[in-house]
Amino acid sequence: MTAGKQHVSDFHVYDTTMRDGAQQEGLNLSVQDKMHIARHLDDLGVGYIEGGWPGSNPKDTEFFALAAKELDLKHATLAAFGATRRADGVAADDELVAALRESGASVVTLVAKSHDRHVELALRTTLAENLAMVRDSVTHLREEGQRVFVDLEHFFDGYRANRDYALEVAATAADAGAEVVILCDTNGGMLPHWVSEIVTDVATTGARLGIHAHNDTGCAVANSMAAVQAGVTHVQGCINGYGERTGNADLITCVANLELKFDMQVLPEGKLAEATRIAHAIAEITNYPPSARQPYTGVSSFAHKAGLHASAIRVDPNLYQHIDPALVGNDMRLLVSEMAGRATIELKGKELGYDLANDAKRLARVTDRVKQMEQDGYTFEAADASFELLLAEEMEGARPSYFDVESWRVLAESARGEEASSEATVKLTAGGVRLAVIGEGNGPVNALDHALRQAIEQVYPDVARFHLIDFRVRILDQGHGTDAITRVLIETTDGKDVWVTVGVGANIIEASWEALVDAFTYGLRKHGVDPRIDH
Ligand SMILES: CC(=O)SCCNC(=O)CCNC(=O)[C@H](O)C(C)(C)COP(=O)(O)OP(=O)(O)OC[C@H]1O[C@@H](n2cnc3c(N)ncnc32)[C@H](O)[C@@H]1OP(=O)(O)O
Ligand SMILES: CC(=O)C(=O)O
């Protein structure tokens, strides 16, 4: 255990990515997706994984059947989510309760109403019958040998509307054998001081409490932290803050806060350092690009753009960082832009293997060049590869060059109303040989890419491994219409790494060509290829 961290025996870190997270608009998980996510969550060391609602749809039922056979969890316990029995029925005979009983999950999390208005309007039953539904369902599943947690939907709103009834539902669940009673901010409208007051009051019932917070006020994590401070020992959330509407509390942010700010050891030792990797791996599965600004795990979480920040960081990174990024498996990054000062360039240069610390003149020149080029429309924070070429040019006296371009030309043609196609001619010298190559493509940049790669591949076979994966165009002075300056960003991969280059020009093809040449030049340099060119 980390020195100073307090081990909290049996604190529950409960993940609901595969149930409430899957209630997010646009997020859809297959059974295999769920199996992969469950393994990642187990690897992170969470205590509980809510796999879905068996019985509510065939996919969730199949997931629990497959999980029972094939999911070998090392840390986590699988939980099945579902509702209490229907009104005026019997839990033992309720079809959905049966699905929970037969799910193979040792923990069942039952959702129950605790807001009087919801009981009357949504369930269309009496307050007494709702209490009976809770009691009967919990008792039945306990008798069947399952552990039961109860999610009290709309608890905070319910408490404000009718405190006595909300407390009575909580007490009924606990008396019937619910191990944890989870207070849910279902509509996400709470603020931390309200949560704090209410949890403190409910804690007097003696029930073990949990928190499930939605993010509609932007306070899901803050509300979860307020609840922990007021005594809850079970926190629910979703990876990357997925969830219905604006999402749930981001479980990784909660856990990192608990471990690094509350000094509570809630994951197995060493697991927090896996957080960034796992958050991103799960984002790959959900097909939801991770937010760069996600606390702790975002690529921008420890990225520094302002020159003054970099200047202080050069002395001590902690001056502008709340934690060491390595604690959550993230990295510090320095962004080169018009906001950079000499310190940023010095640190970035160091990262790229250049010592600029004792070269004030060159440092000032690179800094000025970056600022001027950004004024002209370039952006280096997004195009790290083009910055590296610029720096290499300054340090080595000439821009890295693998071929000498004589000319290029592009034609676009649509014959008899057919889809337009393009043809490009590139003339250049590489390896001492003059080459003139024609390339075809579905657009002008595609045709130029084909022509350029066909020409230089003869001399530099590594080029065959480079693939353009993204092409982004932005018009910079929007008032000018078709006269505007265009910025093009090209993203390239060699199957292992990804790099971005930038080109700017009044002509979109010219800007694209500049970014394209940088893309191939950077790739060849990165592969350690020697230039074969006679200048
Ligand atoms: C706050 C939360 O996020 S809780 C999780 C919510 N998640 C989901 O709803 C996703 C999965 N849900 C489903 O697949 C379906 O809604 C099902 C299978 C649960 C129910 O489907 P249906 O039987 O067609 O009913 P429908 O979706 O219209 O829901 C209304 C019924 O649920 C009942 N119900 C609503 N909440 C509860 C509850 N907490 N306990 C018991 N019954 C409930 C209502 O009384 C109503 O019953 P009735 O049809 O007998 O009048
Ligand atoms: C249970 C749940 O998901 C909620 O109340 O938001």
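In this text the structure is predicted, and so the values were computed from the model without any measurement.

A word on the site of ligand 2. If you check the shell around ligand 2, you find Arg19, Asp20, Asp151, Glu153, Cys184, Thr186, His212 and His214 and nothing else. Arg19 places a side-chain nitrogen or oxygen 2.9 Å from an oxygen atom of ligand 2. Taking His214, its side chain carries an N or O atom lying 3.0 Å from an oxygen atom of ligand 2. Burial of ligand 2 by the surrounding chains reaches 94%, relative to a free accessible area of 210 Å².

What follows concerns the environment of Asn330. Tracing the chain through its elements places Asn330 in the loop between helix H12 (307-313) and strand S12 (333-334). Of the residues examined, Asn330 reaches a relative accessible area of 9% and is grouped as buried. Placed 31 residues apart in sequence, Asn330 and Val299 show a C-alpha to C-alpha distance of 7.7 Å. Apart from the residues lying within four places of it in its own chain, the contact partners of Asn330 are Thr276, Tyr296, Thr297, Gly298, Ser301, Phe302 and Pro325.

Another point: the UniProt feature "domain: Pyruvate carboxyltransferase" (unreviewed entry) in the protein chain. As recorded in UniProt, the feature "domain: Pyruvate carboxyltransferase" (unreviewed entry) lies at residues 11-273. Counted over residues 11-273, helix gives 42% and strand 18%. Its end C-alpha atoms are 19 Å apart.

Contact pair helix H5 (residues 127-143) / helix H7 (residues 163-176): the axes reach a minimum separation of 8 Å and the direction vectors enclose 20°. For the element pair H5 / H7, the angle class is roughly parallel. The handedness of the crossing between H5 and H7 is right-handed. For the pair H5 and H7, the contacting residues are Leu127, Asn130, Leu131, Val134, Arg135, Val138, Thr139 and Arg142 in the first and Tyr165, Glu168, Val169, Thr172, Ala173 and Ala176 in the second. Classifying every residue of the contact of H5 with H7 gives eight nonpolar, three polar and three charged.

Rules used throughout
Residues numbered from 1 in each chain as written. Chains lettered and ligands numbered in written order. Predicted model: local features only at pLDDT ≥ 70, side-chain atom pairs only at ≥ 80, totals over all residues. Heavy atoms only, no water. Near = heavy atom within 4 Å. Polar contact = N/O pair within 3.5 Å; in protein donor to acceptor, adjacent residues only side chain to side chain. Areas by Shrake-Rupley, 256 points an atom, 1.4 Å probe, with all protein chains shown as cover. Helix = DSSP H or I, 4+ residues; strand = E, 2+ residues; numbered from the N terminus. Buried < 20%, exposed > 50% of the residue type's maximum accessible area, 1.4 Å probe, protein only. Contact = heavy atoms within 4.5 Å. UniProt positions renumbered as here; feature names shortened; annotations may be inferred. Axes fitted to C-alpha atoms, helices over the stretch in contact; angles between N-to-C directions. Parallel < 35°, antiparallel > 145°, perpendicular 65-115°, else oblique. Left-handed = near helix turned anticlockwise from the far one by under 90°. Nonpolar A, V, L, I, M, F, W, Y, C, P; charged D, E, K, R; others polar.

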